[in-house]
Amino acid sequence: MGKGRHTIKVNKRGRKGQGGRHNKKRKTDEAGWDIEEGKGKRGNWAPSERKNDLFVEYYRNTFGFSDAEWTEFSESLTRDLPTTFRITAHSYFAAALREKLTTYFQPKLHNVDVGSELLPNIMQFEPLSWYPNGNGWYVRTPRRALKKVDALTQFNQFLVNETEVGHTSRQEAVSMIPPIFLKVENHHKVLDMCAAPGSKTTQLIEYLHQGLEHGQIPCTIPYRLYRFECYSELRPGMVVANDVDEQRCYMLVHQVKRIGSPCVMMANYAAQLFPAIRPKLDDGSRSEVTFFDRILADVPCSGDGTLRKNFDLWGKWHPGLGTALHMLQLRIATRAARLLKIGGRMVYSTCSFNPVEDEAVVAELIRRGQGALEVVDMSDELPGLKRSPGITSWKVYDLVHKDRDTKEKEYKWYTAHSELPERRQGSIPATCFPPTADEVEALHLERCVRVFPHQQDTGGFFITVGEMPPVPDEEEVFKKKHKRKAANATGAAAATTTTEEAANAEEKGKEKEAETKADDAAGMELEKQEKRGRRGGRRRR
């Protein structure tokens, strides 16, 4: 190098002046996994301990598991979640993808010895037994292993490529259940109230297109055919995807864009305050409120059903998470029921085991409906899916005392709202508690569906299907009710008009009377002036 010049050290990533500190090779085992060197070192971290005494105490008492079943349940939660994905059913290449997975990847990857303590020794690669038409697939390997194990890299790249173009979607197995239970058809108007990040939304769009010829659009007025008269022959199907978080809405747009459907509308509202939609007509007026044929309310929850992939939640979980979210979940579910069309179907779901977030919300929703909404029995749907029924009795586990010095917490079980201390009765709603013995039979909470991780090597999930069945002559009753309201409104308007007319007539009468008085006064004044003039003339003479 010449005089006055200096060298610039560039690391392997092309970054200047870092001296290769970020290029230090990580120590890995034979399978490519990082060897832990202690917490705090760059590129290494201490894994969360997958244990929580409160969790054990709460759910063992809530569900009454036997010792053998509890061991199976708790052990399944400590294992990593397997990889699952689904083929887009309306994709032109759906049949070709199924064939390639069946004839090429399945024989190649099934029963492969992965050879790592963090993974199952023998990997399974097979379709989900309960998913329709063989479009759901199960890989008994965590998602992070697909990038690190040499035997799986080709399949991982294949999955990435097909996902980017919308032919497949990575989605947790239990997350696929709610859209299936909705039974979306081509002509339905569908609302996804808490849509982000969008895996269920894309599944709803998939069912909206299912059964149509490739390239046919189920939307009433697609943007390419807007100025043509043939749009009236197409179906009025659409999906409204809503989420309260603006940043997550961008993620939702990215997910939906892969599917390439024009029958989607994005919204950014708080789900419990979702507005009534009144489309604008050609003459500038607004149509009647749009009610939805299908509504999915996958509400925010404590998320303890995702412990197999959200490991940090083990150290954060406590029973108060459920009671804190209960009212928000109930408001969202209530708003969903109000937007549901008569004869429509809604699904309420959470990724939580907690009955305070699950059956307690459903019970109060049915009470508020006063018979208009009923829980549907789904035991005959998806025969290959292993599930458990909803429960009708549970207790609330609440914090009683916390020691400031030792940080130790004391909890207590409560069976009724009246048993709570007075200072806690305002914090924990009465709707968190189980129904009375008289209500149990009418609510049908046993028709709810709960999926436990140990049943089919999945995550945890809770699903309830509700329908608003048409009542005999419901439309006539509805019309009569509105006619009566309209008649009352017309009568009130007529009465108001009569009152206003009377008031106007009275005012006009007063004005005329005042004018008459003014004219009389003016006439009298003129007479006086004339008399004065006559007198003055006489005097001058």
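Residues numbered from 1 in each chain as written. Predicted model: local features only at pLDDT ≥ 70, side-chain atom pairs only at ≥ 80, totals over all residues. Heavy atoms only, no water.

**What to know about helix α7 (residues 199–209)**
Quick note on the threshold: Partly exposed describes any residue whose relative accessible area lies between the buried limit of under 20% and the exposed limit of over 50%, with all areas from a 1.4 Å probe on protein chains only and scaled to the type maximum. Helix and strand definitions follow DSSP, with helices as H or I runs of at least four residues and strands as E runs of at least two, each counted in order from the N terminus.
Burial within α7 is extensive, with 11 of its 11 residues counted as buried. Those residues of α7 that fall on the buried side of the exposure criterion are Ser-199, Lys-200, Thr-201, Thr-202, Gln-203, Leu-204, Ile-205, Glu-206, Tyr-207, Leu-208 and His-209. Note on α7: the residue one or two positions beyond its end, Gly-211, has a positive phi of about 90°.

**What about the sheet that holds strand β1 (residues 82–87)?**
Rule in force here: In short, DSSP must find at least two bridges between two strands for them to pair. Axis definition: a line fit to C-alpha positions, over the contact stretch in the case of helices; interaxial angles, taken between N-to-C directions, run 0 to 180 degrees. Any two residues whose heavy atoms approach within 4.5 Å at even a single point are treated as in contact.
Reading across the sheet, the 4 strands line up as β2-β3-β1-β4 and stay open at both edges, with antiparallel pairing between neighbours. The strands lining the two open edges of the sheet, one partner per strand, are β2 (125–127) and β4 (168–170). Direction aside, the axes of adjacent strands within the sheet are offset by 25° on average. Each of β1 and β4 is contacted by α7, which is oriented at about 30° to β1, the strand it contacts most.

**Notes on the side chain of His-209**
Along the chain, His-209 turns up in helix α7. A relative accessible area of 9% places His-209 in the buried class.

**Some points on the environment of Gly-237**
Here Gly-237 lies in the loop between α7 and β6 (238–242). Along the primary structure Gly-237 and His-187 are separated by 50 residues, whereas in three dimensions their C-alpha atoms are 4.1 Å apart.

**Considerations on the pairing of strand β9 (residues 340–350)**
Burial analysis of β9 places 8 of its 11 residues in the buried class, the great majority of the element. Note: strand β8 (residues 292–298) against β9, 6 bridges, orientation parallel. The partner of Leu-296 across the bridge, within β9, is Val-347. Pairing of β9 with strand β15 (residues 461–467), which is carried by 6 bridges, proceeds in the antiparallel orientation. If you follow Val-347 over to β15, its bridge partner there is Val-465.

**Observations regarding the UniProt feature "active site" (unreviewed entry) in the protein chain**
Let me state the cut-off plainly: UniProt positions are given in the numbering used here, feature names are shortened, and annotations may be inferred rather than shown by experiment.
Using the residue numbers shown here, the UniProt feature "active site" (unreviewed entry) corresponds to Cys-351. Residue position: Cys-351 is located in the loop between β9 and α11 (359–369). Other than its neighbours up to four places away in sequence, Cys-351 contacts Cys-301, Gly-303, Asp-304, Gly-305, Thr-306, Gly-460 and Phe-461.

**A word on the pattern of salt bridges**
Which entries qualify depends on this criterion: A side-chain nitrogen of Lys or Arg and a carboxyl oxygen of Asp or Glu constitute a salt bridge if their distance falls within 4 Å.
The final tally for this structure, using the stated rule, is 16 salt bridges. With a closest N to O distance of 3.9 Å, Arg-248 and Asp-243 form a salt bridge. Asp-243 gets classed as buried once you look at its relative accessible area, which sits at 5%. Arg-308 is the salt-bridge partner of Asp-457, the closest N and O atoms lying 2.8 Å from each other. Residue Asp-457 is found in the loop between α14 (453–456) and β15, and its partner Arg-308 is found in the loop between β8 and α9 (313–316); the two are separated by 149 residues along the sequence. Per residue, the accessibility class of Asp-457 equals that of Arg-308, and both read buried.

**Let's talk about the confidence of the model for the protein chain**
Worth spelling out the cut-off: A residue's pLDDT is the confidence the predictor assigns to it, expressed on a 0 to 100 scale.
Put simply, the protein chain has an average pLDDT of 81, and 72% of its residues get 70 or more. Across residues 29–33, confidence stays below pLDDT 50; counting only partners more than four residues off in sequence or on other chains, it has 14 contacts. Counting contacts from residues 220–234, a segment whose pLDDT is below 50, to residues more than four positions away or on other chains yields 16 contacts.

**Describing the pairing of strand β12 (residues 396–402)**
Pairing analysis gives 6 bridges linking β12 to strand β13 (residues 409–414), with the strands arranged antiparallel. Within β13, the position partnered with Tyr-397 by the bridge is Trp-413. What sits between the antiparallel neighbours β12 and β13 is a turn of 6 residues, in which Lys-407 has the positive phi angle 65°.

**Thoughts on the packing of aromatic side chains**
Just so we agree on the cut-off: Only the six-membered ring of Trp is used, alongside the rings of Phe and Tyr, when aromatic pairs are assigned; centres must lie within 6.5 Å, and planes under 30 degrees apart are stacked while those over 60 apart are edge-to-face, with the rest tilted. Each ring is checked for a lysine NZ or an arginine CZ that lies within 6 Å of its centre and within 35 degrees of its normal; such an atom marks a charge sitting over the ring.
For the structure on display, the rule yields 31 aromatic pairs. Ring centres 5.4 Å apart and planes at 80° place the aromatic pair Phe-55 and Trp-317 in the edge-to-face group. With Phe-55 in helix α1 (residues 53–63) and Trp-317 in the loop between α9 and α10 (320–338), this pair connects stretches of sequence that are 262 residues apart. We note that Phe-55, like Trp-317, is buried. Measuring from ring centre to ring centre gives 5.7 Å for Tyr-59 and Phe-353, while their planes differ by 80°; the resulting arrangement is edge-to-face. Here the residue Tyr-59 occupies a position in helix α1, and Phe-353 occupies one in the loop between β9 and α11, the gap between them amounting to 294 residues. Each of the two residues, Tyr-59 as well as Phe-353, counts as buried. Over the face of the ring belonging to Tyr-104 we find Lys-100, whose NZ or CZ atom lies 6.0 Å from the ring centre.

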